[in-house]
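A structural walkthrough
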Amino acid sequence: AFLEKIDEVEDEINAFITIDADRALEKAKQFDQKLMEGEEIGILAGLPIAIKDNIMTRNLRTTCASKMLEKYIPPYNATVVEKITREDGIILGKTNMDEFAMGGSTETSYFGPTRNPKNKSFVPGGSSGGSAAAIAAQESALSLGTDTGGSIRQPASYCGVVGIKPTYGLVSRYGVVPMSNSLDQVGVFGKDVKDAYIALKSIVGYDPLDATSSKKAKLEDIKFEEISLKGLKIALPKEYDELRVEGDQEIREVFKKSLKVFEDNGATIEYVSLPYLKYALETYYLISTAEVSTNLSRFDGIRYGHRALDYNTLDELYINSRTEGFGEETKRRIMMGTYALSQGYKDEHYKKALKLRTLIKNDYDRVFRNFDIILSITSPILPFPFDSVINSPVDMYKADTYTVPVNLAGLCAMSVPMGEVDGLPVGLQITANRFEEKKLFTAAYGFE
Ligand code: GLN
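Bear in mind the structure is a predicted one, so any value in this text is a computation, not a measurement. (Residues numbered from 1 in each chain as written. Predicted model: local features only at pLDDT ≥ 70, side-chain atom pairs only at ≥ 80, totals over all residues.)

1. Describing the overall build of the protein chain
Applicable threshold: Working definition: helices are DSSP H or I runs of at least four residues, strands are E runs of at least two. Numbering for both runs from the N terminus. A radius of gyration in this sense is built from C-alpha atoms; the matching globule rule multiplies 2.2 Å by the number of residues raised to 0.38. Field definition: a residue is buried when 20 or more other C-beta atoms are found within 10 Å of its C-beta, exposed when 12 or fewer are, and partly exposed for counts in between, with C-beta atoms placed from the backbone. Two residues qualify as being in contact provided that their C-beta atoms, derived from the backbone, are within 7 Å of each other.
What the protein chain contains, in helices and strands, is 15 helices and eleven strands. On C-alpha atoms alone, the protein chain measures out to a radius of gyration of 21 Å, which is about the 22 Å that the 2.2 N^0.38 rule sets for 448 residues. Principal-axis analysis of the C-alpha atoms places the extent of the protein chain at approximately 70 × 65 × 45 Å. Out of the 448 residues in the protein chain, the part that is buried amounts to 54%. Within the protein chain, contacts between residues separated by at least 24 positions form 75% of all contacts whose residues are at least 6 apart in sequence.

2. Here we look at the site of the ligand
To keep it simple, the criterion reads: Working rule for contacts: place C-beta from the backbone, and if it is within 6 Å of a molecule or strand, that residue counts as near it. Here the term charged refers only to Asp, Glu, Lys and Arg, the term nonpolar to Ala, Val, Leu, Ile, Met, Phe, Trp, Tyr, Cys and Pro, and the term polar to all other amino acids, Gly among them.
Inspection of the region around the ligand gives 14 residues, with A101, G104, T148, G149 and S151 positioned closest. Residue classes in the shell around the ligand are distributed as three nonpolar, nine polar and two charged.

3. Considerations on the pairing of strand β5 (residues 162–165)
Note the threshold: Should DSSP find at least two bridges between two strands, the strands are regarded as paired.
Neither face of β5 is left uncovered, since the one carrying V162 and I164 and the one carrying G163 and K165 both have all their residues buried. Direction of pairing for β5 relative to strand β6 (residues 185–190): antiparallel, over a ladder of three bridges. Looking across to β6, one finds that V162 is bridged to G190. Pairing geometry for β5 and strand β10 (residues 412–421), over three bridges, is antiparallel. Bridge assignment links K165 to a residue of β10, and that residue is A413.

4. Focus: helix α6 (residues 193–203)
Residue pairs spaced three or four apart in an α-helix point in one direction, given the helix's 3.6 residues per turn. For α6, the set of buried residues is V193, A196, Y197, A199, L200, S202 and I203. Among the structural elements, α3 (79–86), β4 (142–147), β5, β6, β10 and α15 (437–447) are those in contact with the buried residues of α6. Two residues or fewer after α6 comes G205, characterised by a positive phi angle close to 135 degrees.

5. Remarks on the UniProt feature "active site" (unreviewed entry) in the protein chain
We count it as follows: UniProt positions are given in the numbering used here, feature names are shortened, and annotations may be inferred rather than shown by experiment.
Mapped onto this structure's residue numbering, the UniProt feature "active site" (unreviewed entry) falls at K52, S127 and S151. The named residues occupy 100 residues along the chain; their greatest pairwise C-alpha distance, 10.9 Å, places them in one compact cluster. Following the sequence through the fold, S127 ends up in the loop between β3 (90–95) and α4 (129–136). Judged by C-beta crowding, with 34 C-beta atoms within 10 Å, S127 ranks as buried. One can find S151 in the loop between β4 and α5 (153–159).

6. Notes on the nonpolar core
Our working definition: For this entry, the nonpolar core is defined as buried Ala, Val, Leu, Ile, Met, Phe, Trp, Tyr and Cys residues connected by C-beta atoms within 7 Å.
The biggest cluster of nonpolar side chains holds 123 residues, and the ones touching the most others in it are I49, F189 and I430. Counting residues per element, this core draws most heavily on helix α9 (residues 280–295), at eight residues. Sequence-distant contacts of F189, that is, excluding residues within four places in its chain, are made with S131, A132, I135, L142, S143, G145, I152, A156, V161, V162, G163 and A196.

Structure (structure tokens):
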């Protein structure tokens, strides 16, 4: 049924870069057989799942939506892919994204943009836009994304689905093409909170192959029927009221109504102060681009991916391969990161950002001593029409105001649909302390 849906809508939506229909059907048959023979079945029990195209799949092309990796076929699976297979999930294909996960609209993909299934003239958000759209268009039951600064939560918000960015270290990143190692996390999308829970449950866990994977990586069993919002302590950062972005008024109205749902169901809400939040965006764009610039140095035309045909010297081979292989936004970030790390500027930019990161983390730690969750909007802007915001990279970066601090502090957060503005979905962001995913599910399910 999902493959039929893909046939019907995919030409317009473009949620996938690669569809693996034959193998998916084969896998589904094997699963049927297993079921008939009464074998034990995994928690994904034959569910179709779409995988963001920066997550390695053995013998299935993994491009990061870049010309650089247009033809790259990985020789091994990411740990999350192994886990999905073990839990009887059926991989449908690889989803579209912003090139190397940099962006918030899926417009920087070498394979063309994905359209928002809720309104096809608008972007689906990004960078995991394909994974969010695949759920919204019912092309897949579940999907995986990655979130470095909002790339799961923001497209979830734009497409009206649930998206989770887990605690740093909860999910293995072995076999995930890194954008920014100290911020990247693999997470999930589902049409509702319970679906997202099943997806997350299937991929969490300590992995000795990932040095940043935590031994504490576990997701408790959650009894959804027992969930209540009573006594839940909610914090609202007052800095978010000061950090207004033009045009966010109507989204804030929907947010206010959502807060009432929490209050009416017995939660308490208090304003708190996180004074360093106002530096989060600058801090994020320095640290992430710095890490991007070093990570992407591996694409030199020799070890992986695209190699220029036209060169005379080794330097020319590097330069021409990278010039041809990378898109504009990717180059912009490599330039910014190289600058931030360069001799003479490093202390002023990169090191300062590292210090701010600690201060932001301390702010959160203080709040979570007395509160269960923090609520905010997911994105201060609505899904936008194609080719409108990308012309101004800084405007696009500003839209990440609410999502990036979570990654800087290594916390977990979820975006759940909270309503619509002008017929376009808007998301509520729930944030909890490290390894407190259970609180996210409590708040989200109680609200949903
Ligand atoms: N929009 C953010 C950025 O462009 C988030 C990216 C991400 O989470 N991968 O950096």
